[in-house]
Amino acid sequence: MDSMVGFTYPFPTKDLAYQELTYDYCYVKIKEEDKQRIVDQAWLMGEDTAKQIYKKFNGSYDFRSICVQSGLKLNEKDTDYVVGNQRYFSDYISGTNQINLYLKSIAQWAKENNLTQQEAINLILSHEYFHYLEMNEIGQLSKSYLVPMITIGKLKIGKTGIHALSEIGAHGFAHQYYLLATQ
């Protein structure tokens, strides 16, 4: 993607990965001494996975093609998908191997980041492709660190994962893949 060379990468970089963790509703349940370590591990998993997939697809940076070759169905929806004050560009539907692309949301993001619609879709698909890999090949990063669901005094009931770790890994994947493909 020659037209992307030199632009500022629009996804969160590793510098913002820790901030992403603070948005997770289970953040307060994570041991202080574990926070940086689990962020670093999630980001590294994303980077390492990007290197493997880059080799597997012979350096291709066409995520529409990579997704199709991997058996994913892409659903393009002509909508600006906003819930509350959060705009969504896409989502991976686990168990169905489908990715929804919300084209009007993507168009706004593309414009804000000086990207073409297709460049934006490619970056977004790289992020969602990591979620596909989590569910089908590498395991869910959100389950790599578990915290109690409920704590009552010393009693701890159930366990839940940290969703932000999955997002951090996907950002690491998309960022590393972009670097491999454009440098």
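A. Seen up close, the overall build of the chain. Along the backbone of the chain there are 6 helices and 7 strands. Its helices and strands taken in sequence order, the chain reads α-α-α-β-β-β-β-β-α-α-β-β-α from the N to the C terminus. Compactness check: the chain gives a C-alpha radius of gyration of 17 Å against a globular reference of 16 Å for 183 residues, within 12% of the reference. The C-alpha extent of the chain, read off along each of the three principal axes, is 55 × 35 × 30 Å. Burial status across the chain gives 45% buried among its 183 residues. Nonlocal contacts in the chain, meaning residues at least 24 apart in sequence, comprise 66% of its contacts between residues at least 6 apart. Surface exposure of the chain reaches about 9900 Å², of which carbon and sulfur atoms provide 50%.

B. Up close: the sheet that holds strand S1 (residues 73–77). Pairing in this open sheet of 3 strands is mixed, and the strands run S1-S5-S4 from one edge to the other. For this open sheet the edge positions go to S1 and strand S4 (90–93), each flanked by a neighbour on one side alone. In this sheet, neighbouring strand axes are inclined to one another by 20 degrees on average, regardless of whether the strands run parallel or antiparallel. Direction of pairing for S4 relative to strand S5 (residues 98–102): antiparallel, over a ladder of 4 bridges. Looking at the pairing, Asp91 lines up with Asn100 of S5. Contacting S1 and S5, helix H4 (residues 103–112) crosses the sheet at an angle of about 60 degrees to S5. Sheet strands touched by helix H5 (residues 117–138): S1, S4 and S5. Its angle to S4, the strand with the most contacts, is close to 25 degrees.

C. View of the environment of Thr13. Mapping Thr13 onto the fold places it in the segment before helix H1 (17–22). Residue class for Thr13 comes out partly exposed when judged on its relative accessible area of 26%. Remark: the alpha-carbon pair of Thr13 and Ile168, spanning 155 residues in sequence, is separated by 9.1 Å. Setting aside chain neighbours within four positions, we find Thr13 in contact with Trp43 and His175.

D. Structural detail: the environment of Val147. Within the secondary structure, Val147 is located in strand S6 (residues 146–152). Taking C-alpha positions, Val147 is 12 Å from Asp24, a pair spaced 123 residues apart along the chain.

E. How the structure looks around the pairing of strand S7 (residues 155–161). For S6 and S7, the ladder comprises 6 bridges, and the chain directions are antiparallel. When the sheet's bridge partners are listed, Leu146 is paired in S7 with Gly161. Following S6, the chain reverses through 2 residues before pairing antiparallel with S7; Gly153 in that reversal takes a positive phi of roughly 65 degrees.

F. Region of the structure containing a nonpolar patch on the surface. A grouping of Met149, Ile150, Ile152, Leu155 and Ile157 is seen on the molecular surface, where their side chains present a nonpolar patch of about 470 Å² in accessible area. With respect to the helices and strands, Ile157 occurs in strand S7.

G. Spotlight on the packing of aromatic side chains. Scanning the entire structure with this criterion turns up 16 aromatic pairs. With 5.8 Å between their ring centres and 20 degrees between their planes, Tyr61 and Tyr177 make a pair best called stacked. One end of the pair, Tyr61, is in the loop between helix H2 (35–56) and helix H3 (63–69); the other, Tyr177, is in helix H6 (residues 163–182), with 116 residues separating them in the sequence. In textbook terms, an aromatic cluster arises when at least three aromatic residues are bridged by ring pairs, as seen for Tyr54, Tyr61, Phe63, Tyr92, Tyr129, Phe130, Tyr132, Phe173, Tyr177 and Tyr178. Sitting over the face of the ring of Tyr27, Lys35 holds its NZ or CZ atom 3.9 Å from the ring centroid.

Calculation rules
Residues numbered from 1 in each chain as written. Predicted model: local features only at pLDDT ≥ 70, side-chain atom pairs only at ≥ 80, totals over all residues. Heavy atoms only, no water. Helix = DSSP H or I, 4+ residues; strand = E, 2+ residues; numbered from the N terminus. Rg over C-alpha atoms; globule rule 2.2 N^0.38 Å. Buried < 20%, exposed > 50% of the residue type's maximum accessible area, 1.4 Å probe, protein only. Contact = heavy atoms within 4.5 Å. Areas by Shrake-Rupley, 256 points an atom, 1.4 Å probe, with all protein chains shown as cover. Pairing = 2+ DSSP bridges. Axes fitted to C-alpha atoms, helices over the stretch in contact; angles between N-to-C directions. Patch = residues over 30% accessible without salt bridge, like charges linked within 9 Å, V, L, I, M, F, W, Y side chains within 5 Å. Salt bridge = Lys/Arg side-chain N within 4 Å of Asp/Glu carboxyl O. Phe/Tyr/Trp six-rings, centres within 6.5 Å; stacked < 30°, edge-to-face > 60°. Lys NZ or Arg CZ within 6 Å of the ring centre and 35° of its normal.

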